[in-house]
Amino acid sequence: MKPLPLGEVYQLLEPGPVTLLTTARKGRANVMTMSWHMMLEFEPPLLACVCSSANYSFESLRATGECVIALPARRLAPTAVKIGNCSGREVDKFKAFGLTPVAASQVQAPLIKECFANLECKVIDKRMVNRYNMFILDVIAAWRDPKQKNPKTFHHHGYGRFVADGRAFTLKSAKA
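Summary of the structure given here. (Residues numbered from 1 in each chain as written. Predicted model: local features only at pLDDT ≥ 70, side-chain atom pairs only at ≥ 80, totals over all residues. Heavy atoms only, no water.)

## Quick word on the layout of surface pockets
At step 1: Computed from the structure, the largest pocket encloses a volume of approximately 510 Å³.
At step 2: The wall of the largest pocket is formed by 29 residues, among which M32, T33, M34, S35 and G84 lie closest to the centre.
At step 3: Elements with a minimum of two residues in the lining of the largest pocket: β2 (28-34), α2 (56-64), α3 (77-84) and β10 (154-158).
At step 4: By residue class, the composition of the lining of the largest pocket is 15 nonpolar, twelve polar and two charged. (1 Å grid on protein atoms, 1.4 Å probe; cavity = no way out; pocket = protein on both sides within 12 Å on 5 of 7 lines; lining within 4 Å. Points joined across faces, edges and corners; volume = space filled by probe spheres on them. Helix = DSSP H or I, 4+ residues; strand = E, 2+ residues; numbered from the N terminus. Nonpolar A, V, L, I, M, F, W, Y, C, P; charged D, E, K, R; others polar.)

If you want it as structure tokens, here you go:
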């Protein structure tokens, strides 16, 4: 074994696929790139996400208590990176990056038409927001684009490095 710099631990334990988080406040929709999230419960589906207080979306998420988590396929990776490299304070990201907002059924934040799945979420717990910027979300509606067959997600490994999902395989499981 050889020492590993602590700043590289994230690359080993990345939490899941790159997602796009949308919010809407005062008539203005925004989208940010997010990789810091995790499932907490199967059913009802609960998840946690970390949204830095420096992000434009943070105050909207905190104030409205709702968002959409959209899952982009690998082909949207360059767009997701560009979205993450600018702020919604200065840029209308939907227009700038050619994304199509679609009205959600239960939240004001829009779905993203180009993504293969969209999860409408309500914040159900803010106790860790002040300390860790972590929101606990209840997924109240979920949508999948049937036209996008076998979409591959992509994962951020830090410092501009990404990996796409590979070949799927099945192992025996009690939950299968």
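The discussion continues.
## A short note on the sheet that holds strand β4 (residues 46-50)
Within a beta sheet, neighbouring strands are joined by backbone hydrogen bonds and run either parallel or antiparallel to one another.
At step 1: The sheet built from seven strands is open, its strands ordered β2-β1-β5-β8-β9-β4-β3 with antiparallel pairing. One side of each edge strand has no neighbouring strand; the edge strands of this open sheet are β2 and β3 (37-41). Neighbouring strand axes in the sheet, compared pairwise and without regard to direction, differ in orientation by 35° on average.
At step 2: Pairing of strand β5 (residues 66-71) with strand β8 (residues 117-125) involves six bridges; the strand directions are antiparallel. Within β8, the position partnered with L71 by the bridge is A117.
At step 3: On the sheet, α2 packs against β1 (19-25), β2, β4, β5, β8 and β9 (134-144) and is oriented at approximately 60° with respect to β1.
At step 4: Sitting on the sheet, α3 is in contact with β1 and β2, with an inclination near 110° to β2. (Pairing = 2+ DSSP bridges. Axes fitted to C-alpha atoms, helices over the stretch in contact; angles between N-to-C directions. Contact = heavy atoms within 4.5 Å.)

## Describing the pattern of salt bridges
At step 1: Tallying each qualifying case throughout the model produces three salt bridges.
At step 2: For K122, the salt bridge is made with E66, and the minimal N-O distance between the two is 3.1 Å. One end of the pair, K122, is in strand β8; the other, E66, is in strand β5, and 56 residues separate them in sequence.
At step 3: With a relative accessible area of 30%, K122 lands in the partly exposed category.
At step 4: Its salt-bridge partner being D125, residue R127 comes within 2.5 Å of it at the nearest N-O pair.
At step 5: Residue classification places R127 among the exposed residues on the basis of a relative accessible area of 73%.
At step 6: For D125, a relative accessible area of 15% corresponds to the buried category. (Salt bridge = Lys/Arg side-chain N within 4 Å of Asp/Glu carboxyl O. Buried < 20%, exposed > 50% of the residue type's maximum accessible area, 1.4 Å probe, protein only.)

## Some remarks on the side chain of S60
At step 1: Within the fold, S60 resides in helix α2.
At step 2: What makes S60 buried here is its relative accessible area of 7%.
At step 3: Setting aside residues up to four positions removed in sequence, S60 forms contacts with T23, A24, R25 and G65.

## Considering the nonpolar core
At step 1: Ranked by internal contacts, the top residues of the largest apolar core, which has 21 residues, are L21, L61, I69, F135 and L137.
At step 2: When contributions to this core are tallied by element, the ones reaching two or more residues are β2, β4, α2, β5, β8 and β9.
At step 3: In terms of residue count, the dominant contributor to this core is β8 (four residues). (Core = buried A, V, L, I, M, F, W, Y, C linked by side-chain atoms within 4.5 Å.)

## A short note on the pairing of β9
Within a regular strand, side chains alternate between the sheet's two faces.
At step 1: Inspection of the sheet shows β4 paired to β9 by five bridges, in the antiparallel sense. Considered in β9, the bridge of L46 is made with D138.
At step 2: Here β8 pairs with β9 via eight bridges, running antiparallel. By the bridge assignment for β9, L119 is matched with A142.

## Topic: the packing of aromatic side chains
At step 1: Under the counting rule described, the total for this entry stands at two aromatic pairs.
At step 2: With a centroid separation of 5.7 Å and 65° between ring planes, the pair formed by F58 and F135 is classed as edge-to-face. Placement of F58 in helix α2 and of F135 in strand β9 is noted, with a sequence separation of 77 residues between them. Just as F58 is buried, F135 falls in that class too. (Phe/Tyr/Trp six-rings, centres within 6.5 Å; stacked < 30°, edge-to-face > 60°.)

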